[in-house]
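# Reading the structure
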Amino acid sequence: MGKPMQARHRTCNGLSSQHLAEELRLKGIDNEMVLKAIASLRREWFVPEGFKTRAYDNEALPIACGQTISQPYTVARMTQLLNPFEGMKVLEVGTGSGYQAALLSLLGAQVWSIERMPELLETARNRFEEHGFKIATRLGDGSVGWNEFAPYDGVIVTAGAPKISSSLMDQLSVGGQLVIPVGEKKRQQLFVVRRLSDDEFDVTEHGEFRFVPLIGKRGWDETAR
Ligand code: SAH
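Thresholds, definitions, all that
Per-chain numbering applies: the sequence of each chain, read as written, is numbered from 1 onward. Local features in this predicted model are restricted to residues of pLDDT 70 or higher, and side-chain atom pairs are both shown and tallied only at a pLDDT of 80 or more, whereas totals for entire chains, interfaces and linings draw on every residue. The basis for the side-chain values is all heavy atoms of the structure; hydrogens and waters are excluded. Each residue's exposure class comes from its accessible area (1.4 Å probe, protein chains only) as a fraction of the maximum for that residue type: buried when under 20%, exposed when over 50%, partly exposed otherwise. A helix here means a DSSP run of H or I that spans at least four residues, while a strand means a run of E at least two residues long, and both kinds are numbered starting from the N terminus. Fitted lines through C-alpha atoms give the axes, limited to the stretch in contact for helices. The angle between two N-to-C directions lies from 0 to 180 degrees. In this scheme, roughly parallel covers angles under 35 degrees and roughly antiparallel covers those over 145, while 65 to 115 is roughly perpendicular and the rest are oblique. What makes a crossing left-handed is the near helix being turned counterclockwise from the far one by less than a right angle; a clockwise turn instead makes it right-handed. In this analysis, two residues are considered to be in contact whenever any of their non-hydrogen atoms come within 4.5 Å of each other. Under the grouping applied here, Gly and all other residues not named as nonpolar or charged are polar, the nonpolar ones being Ala, Val, Leu, Ile, Met, Phe, Trp, Tyr, Cys and Pro and the charged ones Asp, Glu, Lys and Arg. The nonpolar core is taken to be a set of buried Ala, Val, Leu, Ile, Met, Phe, Trp, Tyr and Cys residues, with the residues joined through side-chain atoms within 4.5 Å. A pair of Phe, Tyr and Trp rings is counted when the ring centres sit within 6.5 Å of each other, with Trp represented by its six-membered ring. The angle between the planes then sorts it: under 30 degrees is stacked, over 60 is edge-to-face, the rest tilted. The span one expects for a helix is its residue count, reduced by one, times 1.5 Å. Arc definition: it is the arc formed by the directions from the helix axis to the C-beta atoms. Nearness is defined per residue: one heavy atom within 4 Å of the molecule or strand is enough. Between N or O atoms, a polar contact is any pair within 3.5 Å; within protein, one atom must be a potential hydrogen donor and the other a potential acceptor, and residues adjacent in sequence are included only when both atoms are from side chains. Exposure was quantified through the Shrake-Rupley algorithm and a 1.4 Å probe, taking into account, for residues, occlusion by the shown protein chains and nothing else.

### Observations concerning helix 4 (residues 99-106)
Most of helix 4 is tucked away, with 7 of its 8 residues classed as buried. Tyr99, Gln100, Ala101, Ala102, Leu103, Leu104 and Ser105 are the residues of helix 4 that are buried. Following helix 4 by one or two positions, Gly108 has its phi on the positive side, about 95 degrees.

### A short note on the packing of helix 3 (residues 72-81) against helix 4
Orientation of helix 3 relative to helix 4, taken along the N-to-C sense of each, is 45 degrees, at an axis distance of 11 Å. One way to sum up the angle between helix 3 and helix 4 is to call them oblique. By crossing handedness, the relation of helix 3 to helix 4 is classed as right-handed. Here Val75, Met78 and Thr79 of helix 3 come into contact with helix 4, specifically with Tyr99, Gln100, Leu103 and Leu104. A breakdown of the residues in the contact of helix 3 with helix 4 according to their chemical character gives 5 nonpolar, 2 polar and no charged.

### A short note on the nonpolar core
Soluble globular proteins tend to pack their nonpolar side chains together in the buried interior. In this structure, Leu24, Ile38, Phe46 and Phe128 are the most contacted members of the largest nonpolar core, which totals 44 residues. When residues of this core are traced back to their parent elements, those giving at least two are helix 1 (15-26), helix 2 (32-40), helix 3, helix 4, helix 5 (118-131) and strand 8 (188-195). Those residues in contact with Leu24 that sit more than four places away from it in its chain are Ile29, Leu35, Ile38, Asn58, Pro72, Tyr73 and Ala76.

### Focus: the environment of Lys36
With respect to the helices and strands, Lys36 occurs in helix 2. Remark: the alpha-carbon pair of Lys36 and Leu106, spanning 70 residues in sequence, is separated by 9.7 Å.

### A closer look at the packing of aromatic side chains
Tallied over the full model, the rule gives 7 aromatic pairs. Centre to centre, the rings of Trp45 and Phe46 are 6.5 Å apart; their planes meet at 55 degrees, and the pair counts as tilted. Given the relative accessible area of 28%, Trp45 is considered partly exposed. Taken together, a centroid distance of 5.7 Å and an interplanar angle of 75 degrees make the contact between Phe46 and Tyr99 edge-to-face. Linking Phe46 in the loop between helix 2 and strand 1 (61-62) with Tyr99 in helix 4, this pair joins segments that are 53 residues apart in sequence.

### Re helix 5
Its 14 residues place the ends of helix 5 20 Å apart at the C-alpha level, agreeing with the 20 Å of an ideal helix rising 1.5 Å per residue. For helix 5, the complete set of buried residues consists of Leu120, Leu121, Ala124, Arg127 and Phe128. The buried side chains of helix 5 occupy one side of the element, clustering within an arc of 125 degrees when seen end-on. Exposed positions of helix 5 whose direction lies more than 90 degrees from the buried face are Pro118, Glu122, Glu129 and Glu130. Buried residues along helix 5 sit in contact with helix 4, strand 4 (110-115) and strand 5 (135-139). Positive backbone phi, at 75 degrees, marks Gly132, one or two positions downstream of helix 5.

### Thoughts on the site of the ligand
As a structural note, the neighbourhood of the ligand is formed by 27 residues, with Glu92, Ser97, Glu115, Gly142 and Ile215 the closest of them. Contacts to the ligand include Gln100, whose backbone N or O atom sits 3.1 Å from an oxygen atom. At a separation of 3.1 Å, a nitrogen atom of the ligand approaches a polar side-chain atom of Thr158. In isolation the ligand offers 580 Å² of accessible surface; the protein chains occlude 99% of this area. Partitioning the shell around the ligand into residue classes produces 11 nonpolar, 12 polar and 4 charged.

Below, the structure written as structure tokens:
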């Protein structure tokens, strides 16, 4: 007889991320590449100790600095709205845990990600390095974008803004899309802004979501809570 069965961590065979992907499919996510990437990414790598057993629940979880790793459904919706493709240049505003950036990278995107909290950025960088993700990161205010590497085929803002940032629109390539939650501090509508030409943009709305506030020059004031 071997050792008695232990409560093995239920993510050890990657099955839980597959279950999560199936759950998201039932909730309406229909981009197969996005579902496949979710099924193969270990969300447990991106959640703090103490929350690992809940890593594959479809819920937002707390990370350091009073921030959150977004709900998987929200990540999936935003990712599919970006229409990811191999080699796409993406700017992410709000690195947080690093999960969204890692997912985009798995989908073949070249990712630039900005975070304003040093502690979060350091943890995310260590995770990227440990698990072999090549993601460019920077500490700073992403509400004004990252001009040096613009234009981007996609810009994804993972914190709620008071208005659509004109700087982020300026950094889109023609045909590129900005996915950004905009509204009040506690709840927002998800917008997709598509650049049709140098000076024409098309804006569509994609339902209500809840994000932590985007804080910065084209976001809320530092004191906003
Ligand atoms: N994409 C993250 C979500 C993190 S929550 C993930 O997958 O885990 C949103 C993050 O945006 C927080 O970490 C917050 O610190 C950061 N943030 C808020 N305002 C910002 C700004 N102006 N520039 C960069 N990051 C910002």
